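Structural description and commentary
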Amino acid sequence: MAEVELAIRGGVVVTAEGMQRADVGVSGGRVVALAESIRDARRIVEADGLWVMPGGVDSHCHIEEPQPGGGANEESFVTASRSAFAGGTTSAVCFVPQWKGGGLLERLADYEARARHAMLDHSFHQIITDPTERVIEEELPQVVAKGIRSLKVFLTYEPLHVSDAEYLRVLAAARKHQCLVTVHCENYDAINWRIRALLAAGLTAPKYHAWARPPVVEREATHRAIALAELLDQPIQIFHVSCAEAAEEIARAQARGVKVWGETCPQYLTLTAAHMDRPGFEGAKFMCSPAPRDAAEHERVWEMIRRGVLDVVSSDHCAFSFEGPHGKRQNGTERFDLVPNGIPGFAARLPLLFSEGVSKGRLTPEQFVRLGCSNPARMMGLWPRKGGIHIGADADIALWDPARERVLSNALMQHAIDYTPYEGMTVKGWPVRVFRRGEEVMREDEVTAAPGSGRFLPRAPYPLIAPRGVLPNGFPAAG
Ligand code: URP
Ligand code: ZN
Ligand code: ZN
C-alpha cells in the first residue's frame, strides 16, 4: 500500500454497520484505507483501543442566526465550531432566516459572509416564513441553485409561523425543486389560547411555558403537517419530537408508506418540565419548544428511537445566555411567553446520547453512530461524504473513550453562552481527539482549528427525498 498522510492505528472502528479492529488511512482529507495494519504513513496516531467513530453530523442547530430586531444569536460560527468539536461533531446544518415581508437573497448573502468564519463543515436550511409569489418563483430557485436543499417552516411562533395555505405553498415549491421540508410542529392558535388563559390567571413563571404547550398541541400539528405533505406527496422531516403522541403520528404515516421522518434531541431524553419549576427565574434555562416532558416520556421517546420511528438525534442548539442584553430577559421581562425559546446543546449532544444510550444499555454503538452521524448525513444528502468511515468519505473522525467519565459543566461546552442546562450531569463516554478532513481539530478539550477552515457543503438532489408519485386521484395539484 502506498504511503498515506495519516494512519490512525490500533482502534476499534465503529460505524452504523458494525465494529471492527482496523487501522484507518487518510490522504487528501479522505479515508483511503481500512486495513488490519497500516505501517507506511507520514503521521501515525495511536488510538490505543479507543473507539474510532465518524465525526458527528448535527442537522439542526441555530448558529449566528440574525434576529428580526437586529443583531444575531450570540453563538458565532467560531464559538459554535469550537463547541461542536469539543463534543465530537464535525458538520452541521444551520438556518438562513427569512422575515415576514422580506426576501431570501439578501439574508442569504449576509449569512454566507458570517459562515466564512466557521471551522466546522456546514450546510444551510432555508427558513420560509413568508412564501410570497416573488419569494417562491424568483428567489427560491436561486437559493436551491446554491445547494440549499431543505426548507424549514414553523407552524407556531410569532412572527415566524405559516398558515396551512402558506405551508402548502412551501410543500409544492419543495416538490418542484427537489427539496426536503422540515417542520416545527405545534398548534399556533391553541398555544396562544392557553397563553392568554394562563396570563389571565396570573400564571407567568417559566414552568407555565410547558403548560401552554402540552403534548396534544404537538400531536395535532404533527398530524396536520403529515396529512398536508401526504396530500402533495412531499417528503418531510418532523423536527424535535418531544413525545410519543407525536411520534405515533409519524409511525402511522410511515406504516402507510409516507415519506416522513422524525428527529428528536437530547433535551427530550434528559430534561423535564420540573426543571422549569426551579426557584426564581432559573427555570428559563430549560425553556425550549416543544417543552421538555417527564421521565416516563423519555422512556417512550427511547422506544420510538429503538423502533426507528425517530431516526436522527440533533441538538437544536438555539442558545441565549441566562444573563445579559441578549439573554433570557432580553425582552425586559421574566413573563414566560416573552422569554426567548431555545437552549444550548452542541457539545453535549453526542456525549449525552452515548452516555444515556450506549453506556446505559439502551442503544448499541452502531445505533449511536446511526442516530448522531450517518442518519443525519443521509437525511440531509451529505452521505456518503459525511457520517461514515469508508473509502472516499471525508476523514471526519472522533476517537471516543467509552469509559471516560466527565461531569458536564459550562466550561466543558466551550460555547459562547453563560450556562448549560446539563450542568452537573455525569456522562460516561467522551471524545478525546477529533479530526476534520484528516486535520486534528481537537485533542483533550483543546480546539486547534483555524477560523475560516470550515467548508460549505452544497447539496444536490438525492433519492431519499424524491416524491413517491402517490397523489390523490393521481392529480398533481401543484399551484
Ligand atoms: O426552542 C427552540 N427549539 N428554539 C429553537 C427554534 C426552533 O424551534 O427550532
Ligand atoms: Zn423548531
Ligand atoms: Zn431549531
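Before any of the text, the structure's been laid out above.
Described in the following lines is the structure provided in the data block. Here the structure is a predicted model, which means the values were calculated and not measured. Residue numbering note: each chain is counted from 1, following its sequence as written. Lettering for chains starts from A, numbering for ligands starts from 1, and both go in the order in which the items are written. With pLDDT at 70 or above as the cut-off, local features in this predicted model cover only qualifying residues; side-chain atom pairs require 80 or more to be listed or tallied, and sums for whole chains, interfaces and linings still use all residues. To get the side-chain values, take all heavy atoms of the structure and skip hydrogens and water.

Thoughts on the site of ligand 1
In the region of ligand 1, 13 residues are neighbours, and His62, Tyr157, His184, Ser289 and Asp316 sit closest. In the environment of ligand 1, an oxygen atom lies 2.7 Å from a nitrogen or oxygen atom belonging to the backbone of Ser289. Computed with the Shrake-Rupley method and a 1.4 Å probe, the accessible areas treat only the protein chains shown as cover for residues. For ligand 1, whose unbound accessible area comes to 260 Å², protein coverage reaches 96%. Put simply, Ala, Val, Leu, Ile, Met, Phe, Trp, Tyr, Cys and Pro go in the nonpolar bin, Asp, Glu, Lys and Arg in the charged bin, and everything else, Gly too, in the polar bin. Each residue belonging to the shell around ligand 1 can be placed in one class, and the counts come to 4 nonpolar, 7 polar and 2 charged. A single heavy atom is enough: if one lies within 4 Å of a molecule or strand, its residue is considered near that molecule or strand. Throughout this description, a polar contact denotes any pair of N or O atoms lying within 3.5 Å of each other; where both atoms belong to protein, one of them has to be capable of donating a hydrogen while the other can accept it, and for residues adjacent in sequence the pair is counted only when both atoms sit in side chains.

Here we look at the coordination of the zinc ion (ligand 3)
Counted as donors are the N, O and S atoms within 2.8 Å of the metal, or 3.2 Å for Na, K and Ca, while water is not among the atoms, so some sites may look incomplete. Looking at the metal site, the zinc ion (ligand 3) is ligated by His60 (NE2), His62 (NE2) and Asp316 (OD), spaced 2.0 to 2.1 Å from it. By the criteria applied here, four donors are tetrahedral when all angles lie between 85 and 135 degrees, four are square planar and six octahedral when opposite donors are over 155 degrees apart and every other angle lies between 65 and 115, and any other arrangement is irregular. Classification of the site at the zinc ion (ligand 3) as tetrahedral follows from its 4 donor atoms and the range of 87 to 120 degrees in their angles at the metal. Between consecutive donors of the zinc ion (ligand 3), the numbers of intervening residues give the motif H-x1-H-x253-D. Taken as a pair, the zinc ion (ligand 3) and the zinc ion (ligand 2) lie 4.0 Å from each other. Linking His60 in the loop between strand 6 (56-58) and helix 1 (77-86) with Asp316 in the loop between strand 13 (310-313) and helix 11 (349-359), this pair joins segments that are 256 residues apart in sequence. The classification of residues rests on relative accessible area computed with a 1.4 Å probe and restricted to protein chains. Under 20% of the type maximum is buried, over 50% is exposed, and intermediate values are partly exposed. Judged by relative accessible area, Asp316 falls into the buried class, the value being 8%. Under the scheme used here, helices are H or I runs from DSSP no shorter than 4 residues and strands are E runs no shorter than 2 residues, and both carry numbers assigned from the N terminus.

Points about the nonpolar core
The term nonpolar core refers to a set of buried residues drawn from Ala, Val, Leu, Ile, Met, Phe, Trp, Tyr and Cys, joined through side-chain atoms within 4.5 Å. With 86 residues, the main nonpolar core has Tyr167 and Ile236 as its most contacted residues. Among the nonpolar cores identified, the runner-up in size contains 33 residues, and Ala319, Val339, Ala347 and Leu408 belong to it.

Describing the packing of helix 7 (residues 215-232) against helix 8 (residues 244-255)
Here helix 7 crosses helix 8 at 20 degrees, and the two axes come no closer than 7 Å. In terms of orientation, helix 7 lies roughly parallel with respect to helix 8. Handedness of the crossing formed by helix 7 with helix 8: right-handed. In contact with Pro215, Val216, Glu218, Arg219, Thr222, His223 and Ile226 of helix 7, helix 8 contributes Glu245, Ala246, Glu249, Ile250 and Ala253. Of the residues assigned to the contact of helix 7 with helix 8, the class counts are 6 nonpolar, 2 polar and 4 charged. Inter-axis angles, ranging from 0 to 180 degrees, are taken between N-to-C directions of lines fitted to C-alpha atoms, where helices are fitted over the stretch in contact. What sets the label is the angle itself: under 35 degrees gives roughly parallel, over 145 gives roughly antiparallel, 65 to 115 gives roughly perpendicular, and the rest give oblique. Two helices cross in a left-handed way if the nearer one is turned anticlockwise from the farther one by less than a right angle. They cross in a right-handed way if the turn is clockwise. The contact rule is simple, with two residues in contact once any of their heavy atoms fall within 4.5 Å.

Examining the coordination of the zinc ion (ligand 2)
The reference angle at a metal is 109.5 degrees if four donors form a tetrahedron and 90 or 180 degrees if six donors form an octahedron. Coordination of the zinc ion (ligand 2) by the protein is provided by His184 (ND1) and His240 (NE2), with metal-donor distances spanning 2.1 Å. For the zinc ion (ligand 2), the 4 donor atoms are set out with angles of 56 to 141 degrees between them, so the coordination reads as irregular. Accessibility expressed as a relative area gives 2% for His240, which makes it buried.

Structural notes on the pattern of salt bridges
Put simply, a salt bridge is a Lys or Arg side-chain nitrogen that is within 4 Å of an Asp or Glu carboxyl oxygen. Counting across every chain of the model gives 40 salt bridges. Arg114 serves as the salt-bridge partner of Glu64, at 3.2 Å between the closest nitrogen and oxygen. One end of the pair, Glu64, is in the loop between strand 6 and helix 1; the other, Arg114, is in helix 2 (residues 105-115), with 50 residues separating them in the sequence. Given a relative accessible area of 13%, Glu64 falls into the buried group.

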